[in-house]
Amino acid sequence: MPDITFTSDPKTCAQRLVERARICGGVQALCALVNAEEPINRLPVELLVEIFSYLQAGCYQRNVACHRVCRHWSVVGATTPELWHNLAVGTRTNLLRTGLARSKDMEVTIAVGERANKHITAQSLALIGPHVHRVRALHLPLDPTYRDPELTTFLSTTPMRALRSLSADGTQILLSAPLLQVLQFSNINAFIPTPSFSQLRKLVYDRNLKGHLPSTALDTMVDILHSLENIEELSLTDTTTPMMSTRPIPPVTATKTLRRLRKIRLRLAAVAVERLLHEIVIPPIAEVDIVGHYGPRPPVKCLGELIPPNRVCLPILTRLVIARVCVTQWEHHVTGYVSFQDDHDFEEGRIYLRVPGKAYLGAKLNTCRHLHDVSDPLLVVCHSPLEVLHIRCTPGPIEDIDWRDVFMRFGTLRELNIVSEERIRDRKWPMRGELLFDALNPGLDAARRAACPALRRLSITRRIPSRTMNSIPLCIVSCLEARREALGTQLALDELTLCFQVWSSHKNTLLAQKFFEKALGPLVGSLSLSWELGS
């Protein structure tokens, strides 16, 4: 039994400390041997690294819980450089200092948070300096109110040979970044296109409205677009009214073709969208997402005004086979696809165009404006070989559209789906029940061509006044009989779906349904009827 008597002799105390350390070391070694037999501790180091990498994917290095499970896992987590390539700077620089040491020769991604003050930033720059040759990505605060002269000086005087991604507010200009491919910034006025722009693969401009920056200069934005040679993804967001361009609109031969572009997203004032589309040509295989907001300067009154008349900028508009169109008093938008597959990736092509009736100008909400020319969204896609068309509209615009003129433009259309979003209690818009079928009816005149001659599937959902309950069946029958005769087919349609919203009794709807089934049965291959009754 060991001696436990107390003594003040330094030599004896030292001997006892040594003996205690030896015993503790033996216990730890014994525990390590026991733990080594556990299956979880027999995992190869490479597999543990894969597991830790999966747990840390998409986040910056932190003291994750799995590193504290046991000594072995802690050692693996602390000595593997691949686990220390994402580093963040907040109110302290401890993680940055530790991560730079443990990452060894690995390329690193560094993010400076908005809470980092000038003192922390100065310490961070001192730590990054010796390792700047292996900084792969640098994310700085995008808030234009964030200003640090030391950081700006560091970036403008230090070559960053390995940098591939940069996020900044726009005032921090790099001296040299030969491998830069991704750039995100929030102050376009401070940016000057450099030779580095020609190598960019992704460019994101997202204006921070809280910064109270001056208006965006359209000429600067145009210069940046013309300097992009290899851009694949482009996103420009700024709903404030821009400074108008002083340059003339270039001829078609002078437009810039972004040949490698696969995705473009524009959230700009309508006048800015209109000007930029005069400057570039977007490949038809690209995914296009464009929203033009209203502003106090010459307002764009309809969706078609966003697009140059020659449509050279968007060749995808001549290749759409599926289109979804929204026509309301407050919003116009069009979504189109060039294939019938459900998963529309970049190679297949997709376009989304929208003009909202409301827009945020700075931090204030602009007043609503009625959109003019309600048939305009339909005319945007009329040059495409559409086979499927879905239309969503409200009662006001549906009465104002010349449906005969619209339908005559879609010679390849095979499926048409129209939904009129009237509320069953809303009697403000007494829609005429025969409106759509009159447009599709070629009539008795042999010289009058049938609209949508390839149409085989028709679906209509809308509210009808109860007073037209008797006239609508006759109108539909007349339309289908005339189409069957004009087209020389056995059936006018392969499939007809009608969903009526009506103020009427259940008895009257049953009588109407029996009439529909008897009269329309010989004219269509499949008939589906449904009724929504108002109370």
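Summary of the structure given here. As the structure is a prediction and not an experimental result, all values here were calculated from the model. (Residues numbered from 1 in each chain as written. Predicted model: local features only at pLDDT ≥ 70, side-chain atom pairs only at ≥ 80, totals over all residues. Heavy atoms only, no water.)

### Some words on the overall build of the protein chain
For step 1, the next point in the chain: In terms of helices and strands, the protein chain carries 14 helices and 21 strands.
For step 2, the next point in the chain: Looking at the protein chain residue by residue over its 535 residues, the buried ones come to 49%.
For step 3, the next point in the chain: Carbon and sulfur atoms provide 55% of the accessible area of the protein chain, an area that totals close to 26600 Å². (Helix = DSSP H or I, 4+ residues; strand = E, 2+ residues; numbered from the N terminus. Buried < 20%, exposed > 50% of the residue type's maximum accessible area, 1.4 Å probe, protein only. Areas by Shrake-Rupley, 256 points an atom, 1.4 Å probe, with all protein chains shown as cover.)

### Description of a nonpolar patch on the surface
For step 1, the next point in the chain: Residues Leu-47, Ile-51, Tyr-54 and Leu-55 make up a contiguous nonpolar surface patch of roughly 420 Å² in combined accessible area.
For step 2, the next point in the chain: Note that Tyr-54 resides in helix 2 (residues 45–55). (Patch = residues over 30% accessible without salt bridge, like charges linked within 9 Å, V, L, I, M, F, W, Y side chains within 5 Å. Salt bridge = Lys/Arg side-chain N within 4 Å of Asp/Glu carboxyl O.)

### Things to note about the environment of Glu-495
For step 1, the next point in the chain: Structurally, Glu-495 is set in strand 20 (residues 493–502).
For step 2, the next point in the chain: By relative accessible area, Glu-495 is classed as partly exposed at 28%.
For step 3, the next point in the chain: Here the side chain of Glu-495 touches Arg-457 through a polar contact of 3.4 Å, side chain to side chain. (Polar contact = N/O pair within 3.5 Å; in protein donor to acceptor, adjacent residues only side chain to side chain.)

### With respect to the side chain of Asn-230
For step 1, the next point in the chain: Within the element layout of this structure, Asn-230 appears in the loop between helix 7 (218–226) and strand 7 (233–238).
For step 2, the next point in the chain: A distance of 2.8 Å separates the side chain of Asn-230 from the backbone oxygen of Ser-198, its partner in a polar contact.
For step 3, the next point in the chain: Here the side chain of Asn-230 touches Arg-260 through a polar contact of 3.2 Å, side chain to side chain.

### Overview of the packing of aromatic side chains
For step 1, the next point in the chain: Summed over all chains, the structure comprises 2 aromatic pairs.
For step 2, the next point in the chain: Ring geometry for Phe-52 against Trp-73: centres 5.8 Å apart, planes inclined by 70 degrees, an arrangement best described as edge-to-face. Taken together, the residues span a long stretch of sequence, with Phe-52 in helix 2 and Trp-73 in helix 3 (residues 71–79) at a distance of 21 residues. Side by side, Phe-52 and Trp-73 carry an identical accessibility label, which is buried.
For step 3, the next point in the chain: With 5.5 Å between their ring centres and 35 degrees between their planes, Trp-403 and Phe-407 make a pair best called tilted. With Trp-403 and Phe-407 both in helix 11 (residues 403–407) and 4 residues apart, this pair spans about one turn of that helix.
For step 4, the next point in the chain: By relative accessible area, Trp-403 is classed as buried at 2%.
For step 5, the next point in the chain: By relative accessible area, which is 1% here, Phe-407 ends up buried. (Phe/Tyr/Trp six-rings, centres within 6.5 Å; stacked < 30°, edge-to-face > 60°.)

### Focus: the pairing of strand 13 (residues 331–337)
Along any regular strand the residues' side chains alternate between the sheet's two faces.
For step 1, the next point in the chain: Burial runs high along strand 13: 6 of the 7 residues are buried.
For step 2, the next point in the chain: Inspection of the sheet shows strand 12 (residues 322–327) paired to strand 13 by 6 bridges, in the antiparallel sense. Bridging across to strand 13, Ala-323 finds its partner in Gly-336.
For step 3, the next point in the chain: By the bridge criterion, 7 bridges tie strand 13 to strand 14 (residues 350–356) in an arrangement that is antiparallel. Within the sheet, the bridge partner assigned to His-332 lies in strand 14 and is Val-355. (Pairing = 2+ DSSP bridges.)

### Observations regarding helix 13 (residues 471–487)
For step 1, the next point in the chain: Counted at 1.5 Å a residue, the expected span for helix 13 with its 17 residues is 24 Å, and the 24 Å between its end C-alpha atoms agrees.
For step 2, the next point in the chain: Directly after helix 13, the chain includes Gly-488, whose backbone phi takes a positive value near 70 degrees. (Expected span 1.5 Å × (residues − 1).)

### Quick word on the packing of helix 5 (residues 118–128) against helix 6 (residues 149–157)
For step 1, the next point in the chain: The contact between helix 5 and helix 6 brings their axes to 9 Å, and the two run at 25 degrees. In this view, helix 5 runs roughly parallel relative to helix 6, as classed from their interaxial angle. Two secondary-structure elements touch here, helix 5 through Lys-118, Thr-121, Ala-122, Leu-125 and Ile-128 and helix 6 through Pro-149, Glu-150, Leu-151 and Phe-154.
For step 2, the next point in the chain: A breakdown of the residues in the contact of helix 5 with helix 6 according to their chemical character gives 6 nonpolar, 1 polar and 2 charged. (Axes fitted to C-alpha atoms, helices over the stretch in contact; angles between N-to-C directions. Parallel < 35°, antiparallel > 145°, perpendicular 65-115°, else oblique. Contact = heavy atoms within 4.5 Å. Nonpolar A, V, L, I, M, F, W, Y, C, P; charged D, E, K, R; others polar.)

### A look at helix 3
For step 1, the next point in the chain: Listing the buried residues of helix 3 in full gives Trp-73, Val-76 and Gly-77. Burial along helix 3 is one-sided: seen end-on, the buried residues are contained in an arc of 95 degrees.
For step 2, the next point in the chain: Of the surrounding secondary structure, the elements contacted by the buried residues of helix 3 are helix 2. (Arc of directions from axis to C-beta.)

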